[in-house]
Amino acid sequence: MLDRIQQIKRKALSELGFLESIEELEGLRIRILGKKGLLTEVLRSMGSIPAEKRPEMGKLANEVRNFIEKEIETQRARLDQLEKERQIAGEVIDVTLPGIKPLVGKRHPITQIMDEIKDIFYSLGFSVIDGPEVELDYYNFEALNMPADHPARDMQDSFYISEKVLLRTHTSPVQIRVMEEVVPDLPIRIIAPGKVFRRDDDATHSPMFHQVEGLLVDKGVTFADLKGTLLVFLRQIFGKDLRIRLRPSYFPFTEPSAEVDISCIICGGDGCRTCSQSGWLEILGSGLVDPSVLEMAGYNPEEVSGYAFGMGVERIAML
Ligand code: PHE
């Protein structure tokens with residue numbers, strides 16, 4: 001019996017040194033000191049040995065138990081440390097690996113062109129102003145010489161919110177708002193960029209798009225001023241060799257009116273698919289402010305004149 005106890009002690013000692021994890025240590029503890037463990041079995045069988053031998057055996061068994069328990073604690077500390085080291089080794093960061101590239105946004109092409117247009121007109125002495133996207137019928141049509149039932153309204157099929165309120169179909173209502181605001185002061189020199197809305201939606205039309213309106217009102221403003229300003233502007237956008245052409249046109253709020261074409265930027269004017277072999281691309285609408293519009297805004301058309309133009313930003317961005 002005493003031999004058996006010594007044997008258990010040796011077995012425990014020889015195994016303890018080789019343990020590699022807390023789980024293995026726990027397994028060993030249960031196998032030796034647990035309820036059905038080797039040492040516990042020995043103690044349980046004490047009844048079968050002669051009474052005089054029991055104290056000696058009990059003493060040895062307790063010594064061995066204490067010894068093994070202490071040894072287990074020592075090993076536990078060692079294995080805890082080992083576990084920690086393993087964890088740290090697993091978490092090492094390789095600082096030489098390439099990083100994750102942050103997604104840097106880019107300005108939308110429309111915004112880029114808008115900013116470019118603004119910069120050019122700033123340099124020509126224009127100010128940039130805003131107008132409401134939800135507009136009164138009065139500013140969008142009426143004050144621009146398009147009374148109710150005027151056929152020109154049909155060109156701009158509209159989103160109405162109520163009988164008198166709609167999503168603006170162009171940026172021209174800003175012309176009226178500005179004139180009303182500053183009359184009788186002069187000069188007016190503004191551009192008004194922004195969203196406009198029309199009820200058409202197909203492969204080549206979007207129900208929402210962007211325009212930039214221009215308005216200059218002063219004494220003695222002529223068509224030559226309009227043409228010169230647009231030429232300077234369009235050459236800055238499309239290149240210094242660009243040519244422009246003004247075609248007679250009609251807008252209810254300008255008189256005379258002109259569509260402005262640029263020489264085709266794809267073929268240079270020789271004729272290609274983009275310009276339908278014409279050599280020209282239509283780029284904006286313009287004209288001298290109609291005297292009755294000036295009058296409605298409070299200016300005297302005998303003393304004051306002005307020009308206005310409006311362009312689609314998507315078209316310029318695409319070109
Ligand atoms: N507002 C007109 C349109 O949307 C364009 C324009 C603006 C024409 C200013 C002349 C003067 O078609």
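Going by the structure above, here's the rest.
Heads up: these notes are all about the structure in this document. Here the structure is a predicted model, which is why all the values come from computation and not from measurement.

Time to look at the site of the ligand. The immediate surroundings of the ligand are formed by 15 residues, with H170, S172, R198, Q211 and E213 found nearest. With respect to the ligand, the side chain of H170 contributes an N or O atom lying 2.9 Å from a nitrogen atom. When the ligand sits alone it has 320 Å² of accessible area, and the protein chains cover 91% of it. Of all elements in the fold, only β6 (208–218), β9 (280–289) and β10 (305–312) reach the threshold of two or more residues within the shell around the ligand.

Here we take up the nonpolar core. I117, F121, F233, L234, Y307, F309 and M311 are the most contacted members of the largest nonpolar core, which totals 33 residues. Sorting the residues of this core by element identifies α5 (109–123), β6, α8 (223–238), β8 (254–263), β9, β10 and α10 (313–318) as the ones contributing at least two each. Considering each element in turn, this core owes the most residues, 6 residues, to α5. Each residue touching F233, except ones within four places of it in the same chain, is listed here: I117, I120, F121 and M311. Of all hydrophobic cores here, the second largest spans 25 residues; its members include A152, L166, V178 and L215.

Here helix α1 (residues 2–16) contains 15 residues, and its C-alpha end-to-end distance of 21 Å stays within 8% of the 21 Å for a straight helix at 1.5 Å per residue. Buried within α1 we find I5, I8, A12 and L16. The arc that holds every buried residue of α1, seen down its axis, measures 60 degrees, which confines them to one face. For α1, exposure combined with an orientation more than 90 degrees from the buried face picks out D3 and R10.

Conventions adopted
- Residues numbered from 1 in each chain as written.
- Predicted model: local features only at pLDDT ≥ 70, side-chain atom pairs only at ≥ 80, totals over all residues.
- Heavy atoms only, no water.
- Near = heavy atom within 4 Å.
- Polar contact = N/O pair within 3.5 Å; in protein donor to acceptor, adjacent residues only side chain to side chain.
- Areas by Shrake-Rupley, 256 points an atom, 1.4 Å probe, with all protein chains shown as cover.
- Helix = DSSP H or I, 4+ residues; strand = E, 2+ residues; numbered from the N terminus.
- Core = buried A, V, L, I, M, F, W, Y, C linked by side-chain atoms within 4.5 Å.
- Buried < 20%, exposed > 50% of the residue type's maximum accessible area, 1.4 Å probe, protein only.
- Contact = heavy atoms within 4.5 Å.
- Expected span 1.5 Å × (residues − 1).
- Arc of directions from axis to C-beta.

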